[in-house]
Amino acid sequence: MSGWSAPSTRTRSFGRWGETFSDDVVAAAMIDRLVHHAEVPTLTGDSYRTRQRRELLAKENRAHHG
């Protein structure tokens, strides 16, 4: 859609969506519609991207100081 954008909420817990939309009631209604009859997994730990970035930085640090 041209001229339309959605705020990024993918890295925020549902409890913080009100901050993104500046309205807890609207955020709660959106979450209710999105997860109705859905299973919502809670992921823990680093993403592959985060882990790879940390490993790359450690490798570069060892190369410069090792």
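Conventions we followed
Residues numbered from 1 in each chain as written. Predicted model: local features only at pLDDT ≥ 70, side-chain atom pairs only at ≥ 80, totals over all residues. Heavy atoms only, no water. Phe/Tyr/Trp six-rings, centres within 6.5 Å; stacked < 30°, edge-to-face > 60°. Helix = DSSP H or I, 4+ residues; strand = E, 2+ residues; numbered from the N terminus. Buried < 20%, exposed > 50% of the residue type's maximum accessible area, 1.4 Å probe, protein only. Salt bridge = Lys/Arg side-chain N within 4 Å of Asp/Glu carboxyl O.

1. A closer look at the packing of aromatic side chains
Line of reasoning, step 1. The final tally for this structure, using the stated rule, is two aromatic pairs.
Line of reasoning, step 2. With a centroid separation of 5.3 Å and an interplanar angle of 75°, the aromatic rings of phenylalanine 14 and tryptophan 17 are classed as edge-to-face.
Line of reasoning, step 3. Taken together, the ring pairs connect Phe14, Trp17 and Phe21 into an aromatic cluster.

2. Examining the environment of tryptophan 17
Line of reasoning, step 1. Note on placement: tryptophan 17 falls in helix H1 (residues 17-21).
Line of reasoning, step 2. The exposure class of tryptophan 17 is buried, given its relative accessible area of 8%.
Line of reasoning, step 3. With 13 residues separating them in the primary sequence, tryptophan 17 and methionine 30 have C-alpha atoms 9.3 Å apart.

3. Quick notes on the pattern of salt bridges
Line of reasoning, step 1. Evaluation of the coordinates by the stated rule reveals three salt bridges.
Line of reasoning, step 2. Close ionic contact of arginine 33 with aspartate 32 constitutes a salt bridge, the shortest N to O distance being 3.8 Å.
Line of reasoning, step 3. Residue classification places arginine 33 among the exposed residues on the basis of a relative accessible area of 62%.
Line of reasoning, step 4. Here arginine 54 makes a salt bridge to aspartate 46, at a shortest N to O gap of 2.3 Å.

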